[in-house]
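Per-entry structural report
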Amino acid sequence: QVQLVESGGGLVQPGGSLRLSCAASGSSFSVNVMSWHRQAPGKQRESVAAITRYGATNYADSVKGRFTISRDNAKNIMYLQMNSLKPEDTAVYYCKLNTLGGVNYWGQGTQVTVSS
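Reference entry: report on the structure contained in this document. Just so it is clear, the model here is predicted, and its values are computed rather than measured.

1. Overview of the state of the cysteines
Tallied over the full model, the rule gives 1 disulfide. Between the sulfur of Cys22 and that of Cys95 lies a disulfide, 2.1 Å long from S to S. Around the S-S axis, the bridge from Cys22 to Cys95 shows a dihedral of about 55 degrees and counts as right-handed. Of this pair, Cys22 sits in strand β3 (residues 18–26) while Cys95 is found in strand β9 (residues 91–99), placing the two residues 73 residues apart along the sequence. Given a relative accessible area of 0%, Cys95 falls into the buried group.

2. Considering the sheet that holds strand β1 (residues 2–7)
Taken together, 4 strands build an open sheet; the order of strands is β1-β3-β8-β7 and the sheet is antiparallel. Two strands close off the open sheet at either side, each with one partner strand: β1 and β7 (67–72). Averaged over all pairs of adjacent strands, the angle between strand axes in this sheet comes to 15 degrees, irrespective of strand direction. Taken together, the 6 bridges between β3 and strand β8 (residues 77–82) define a ladder with antiparallel strand orientation.

3. A closer look at the packing of aromatic side chains
Using the criterion set out here, one finds 0 aromatic pairs in the structure. The ring of Tyr94 carries the charged tip of Arg45 above its face, separated from the ring centre by 3.7 Å.

4. A word on the pattern of salt bridges
Summed over all chains, the structure comprises 4 salt bridges. The partner of Glu46 in a salt bridge is Arg38, and the shortest N-O contact between them spans 2.7 Å. Its relative accessible area of 37% is what places Glu46 among the partly exposed residues. Residue Asp89 is joined to Arg38 by a salt bridge in which the shortest nitrogen-to-oxygen separation is 3.0 Å. On the criterion of sequence distance, the pair formed by Asp89 in the loop between β8 and β9 and Arg38 in strand β4 (residues 31–39) is long-range, its members being 51 residues apart. For the pair Asp89 and Arg38, a shared accessibility class is recorded, and that class is buried.

5. Some thoughts on the pairing of strand β5 (residues 46–52)
Pairing of β4 with β5, which is carried by 6 bridges, proceeds in the antiparallel orientation. Opposite Met34, over in β5, you have Ile51 as the bridge partner. The hairpin turn running from β4 into β5, its antiparallel successor, is 6 residues long, and Gly42 in that turn takes a positive phi close to 75 degrees. Two strands pair when backbone bridges link them, and β5 and strand β6 (residues 57–59) are joined in this way by 3 bridges, in the antiparallel orientation. Paired with Ile51 across the strands is Thr57, a residue of β6. Taking the residues between adjacent antiparallel strands as the criterion, β5 and β6 are bridged by 4 residues, where Gly55 takes a positive phi near 95 degrees.

What counts, and at which threshold
Residues numbered from 1 in each chain as written. Predicted model: local features only at pLDDT ≥ 70, side-chain atom pairs only at ≥ 80, totals over all residues. Heavy atoms only, no water. Disulfide = S-S within 2.5 Å. Helix = DSSP H or I, 4+ residues; strand = E, 2+ residues; numbered from the N terminus. Buried < 20%, exposed > 50% of the residue type's maximum accessible area, 1.4 Å probe, protein only. Pairing = 2+ DSSP bridges. Axes fitted to C-alpha atoms, helices over the stretch in contact; angles between N-to-C directions. Phe/Tyr/Trp six-rings, centres within 6.5 Å; stacked < 30°, edge-to-face > 60°. Lys NZ or Arg CZ within 6 Å of the ring centre and 35° of its normal. Salt bridge = Lys/Arg side-chain N within 4 Å of Asp/Glu carboxyl O.

Limitation: the analysis is restricted to geometry and does not speak to function.
Given below as structure tokens:
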């Protein structure tokens with residue numbers, strides 16, 4: 001079993017920055033892909049960014065150039081650096097871990113609110 005704990009959310013003004021963290025813990029597991037997703041009120045959950053075990057990354061078009069995903073493999077922590085935040089980035093952000101065995105785990109989510 002894997003536990004994921006997100007942190008770093010909060011209230012920020014437009015144009016500001018936040019860094020989200022996702023710490024993975026639990027019994028022995030092999031990480032394949034870790035990713036960030038978000039869900040705004042009344043909308044479906046969408047993928048924001050992903051990073052493979054080899055460090056390859058991809059981003060949603062809406063965040064390219066503003067968000068950066070990274071991970072510390074030794075500590076099993078994933079980060080999402082969010083710059084130039086916009087009101088439309090407001091959502092609950094979730095981290096997801098996909099194991100080599102094909103099992104998916106989700107965190108509980110952290111609220112990000114971008115407002116003046």
